[in-house]
Amino acid sequence: MTHTIHTAVVGLQWGDEGKGKIVDLLTARHDVIVRYNGGANAGHTVVVGDQRYALHLIPSGILNANKLSVIANGVVVDPEKLIEEIDTLQQRGINVGDNLRISNRAHVVMPYHKEHDAALERAFAGSTPGKGGDFSIGTTKRGIGPAYADKVHRSTSIRMGDLLDKELLQRKLRSICAIRTLELKALGVNAPPLDPEELTNRFTAIGTRLAPHITDTTYLLHDCLNDGRSILFEGANACLLDIDHGTFPYVTSSNCSTLGIPPGTGVPGKHVQRVLGIMKAYATRVGAGPFPTELDDAIGERIRERGREYGTTTGRPRRCGWLDLVAIRYSVMVCGTTSLACMLLDVLSGFDELKLCTGYRLPDGSVTDRFFPDAQQLARVEPVYETVPGWSEELDGMTERGELPANAQRYLERIEQIVGVPIEIVSVGPERSQTLTMQSETVIS
Ligand code: GDP
Ligand code: IMO
Ligand code: MG
């Protein structure tokens, strides 16, 4: 019997690396696709021919027929957004039925979490938004932080399984709404008191609608493992946004590195032998927080326009900069990355030269090759660059690695040398066909 390989796909930067495209491609070689963290803050794009799909809560594997998609316990589920997503996919001819399972232990994002998220952002906004000069995070306002905070508070949280028990839900909401109404008022939200009876009826109806999907996904995944079915873990957000290992406090509220897989699914880490780290050929960030290689100039603008760097979830323009290999090497280490996918290489055509950040200069003049997963420390570093020659050819029509211009090949080789992990996949456009495999043995060919 051949050994079943399970794979994790994880973002190595600050999100939007192209995880959705790669998960869609890898789905062909796996049986089960699992989201283990985050919520509707994620926006994963999959392009199939002239169709473009933006997935927020449902695993990107859903577009492939006959695969099982699982939203595991580590995800915070906004069930109204989820129903919207299911309906939109179904209207577009995608089957969403028995093939979607949701953990009964995933915590629910309630409407008051979104109000709380927006109110906190307003309360903390300062004079220099976007640069880490104040303490507003620049969240997606999808209620992610307040929902995870309630999970940790315990007594104020609602889980997907609770939506199936009206009496329990009503009792919980009566206590929660009383507290939340006071908190929202204290945060300056001018709204009528939360109505537990209205919320009970609304979320019981949602529970009835989603009941066929809700199950114990931990046992489900272990049954799959025992049956020899292969699992693809789809990371949302990215390693540098990880609550413990990212650029705190400018992070999201979950463990979005691969370290989040065991607690977020109930599957021990030893099963994840293969970790594909997804990185752009440059760097982007959306929301606030330090970004050492940020380009606040015409080059950054050119990358933004060529890469169409506008948020999939919020439409916000993404901040753009040169590739930070100090950060990538750190994320590779934390995620146990075994190979890389280098995305959006096509965006870098037409530059005479490109820069790779290989170290950070500290205020005392010394240089380090270590990353600082702390916003205050990271804000004080200056990038140390290695300059490499660019290429003029457009790459989006290329389908073989041998077609890549010599300087593009050198750029990739230099990344491999500095990071110490092979590049397995290179992407030169959003479509499935615009993908080059760099190794003879790969999971997508
Ligand atoms: P994710 O959150 O990691 O799944 O990434 P997003 O979907 O938020 O953002 C990636 C964007 O880049 C999407 O619009 C993709 O369609 C697009 N994309 C993916 N790979 C490539 C590529 O190689 N070249 C170009 N030009 N666009 C790409
Ligand atoms: P995908 O999966 C890019 C960022 C937000 C903000 C911070 C906290 O598409 O790569 P939150 O709403 O989570 O409390 O926001 O994290 N952020 C993302 N940025 N891509 C994402 O997901 C992100 N998910 C969260 O912009 O700075
Ligand atoms: Mg995204």
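Scroll up a little and you will see the structure.
Residues numbered from 1 in each chain as written. Chains lettered and ligands numbered in written order. Predicted model: local features only at pLDDT ≥ 70, side-chain atom pairs only at ≥ 80, totals over all residues. Heavy atoms only, no water.

## Comments concerning the overall build of the protein chain
Along the backbone of the protein chain there are 12 helices and 20 strands. The C-alpha radius of gyration of the protein chain comes to 22 Å, within 12% of the 22 Å expected for a compact globule of 445 residues. Projected onto its principal axes, the C-alpha positions of the protein chain cover 65 × 60 × 40 Å. Sequence-distant contacts in the protein chain: of pairs separated by 6 or more residues, those separated by 24 or more amount to 77%. Carbon and sulfur atoms make up 50% of the accessible area of the protein chain, which amounts to about 18,100 Å² in all. If the 47 positive side-chain charges of the protein chain are averaged to one point and the 54 negative ones to another, these points end up 3 Å apart. (Helix = DSSP H or I, 4+ residues; strand = E, 2+ residues; numbered from the N terminus. Rg over C-alpha atoms; globule rule 2.2 N^0.38 Å. Contact = heavy atoms within 4.5 Å. Areas by Shrake-Rupley, 256 points an atom, 1.4 Å probe, with all protein chains shown as cover. Lys, Arg positive; Asp, Glu negative; His and termini not counted. Charge placed at Lys NZ, Arg CZ, Asp CG, Glu CD.)

## Quick look at the sheet that holds strand S15 (residues 339–343)
The 10 strands lie next to each other as S9-S7-S5-S2-S10-S1-S11-S15-S19-S20, forming an open sheet whose pairing is mixed. This sheet does not close on itself; its edge strands, each paired only once, are strand S9 (214–215) and strand S20 (435–437). The strands touched by helix H1 (residues 19–27) are strand S1 (7–11), strand S2 (32–35), strand S10 (231–234), strand S11 (274–280), S15, strand S19 (423–427) and S20; relative to S1, the strand with the most contacts, the crossing angle is about 165°. (Pairing = 2+ DSSP bridges. Axes fitted to C-alpha atoms, helices over the stretch in contact; angles between N-to-C directions.)

## Thoughts on the coordination of the magnesium ion (ligand 3)
Listed as protein donors to the magnesium ion (ligand 3) are Asp 16 (OD) and Gly 43 (O); their distances from the metal cover 2.1 to 2.2 Å. With Asp 16 in the loop between S1 and H1 and Gly 43 in the loop between S2 and strand S3 (44–48), this residue pair connects regions lying 27 residues apart in the sequence. Using a relative accessible area of 22% as the deciding quantity, one classes Asp 16 as partly exposed. (Donors = N, O, S within 2.8 Å, 3.2 Å for Na, K, Ca; no water. Buried < 20%, exposed > 50% of the residue type's maximum accessible area, 1.4 Å probe, protein only.)

## Points about the nonpolar core
Counting residues in hydrophobic clusters, the biggest one holds 86 residues, and the most contacted among them are Ile 22, Leu 345, Tyr 411 and Ile 415. Beyond its immediate stretch of four places on either side in the chain, Leu 345 contacts Ala 281, Trp 391, Leu 395, Leu 404, Ala 408, Tyr 411, Leu 412, Val 426, Ser 427 and Val 428. With 39 residues, the next largest nonpolar core counts Ala 40, Ile 86, Leu 100 and Leu 173 among its residues. (Core = buried A, V, L, I, M, F, W, Y, C linked by side-chain atoms within 4.5 Å.)

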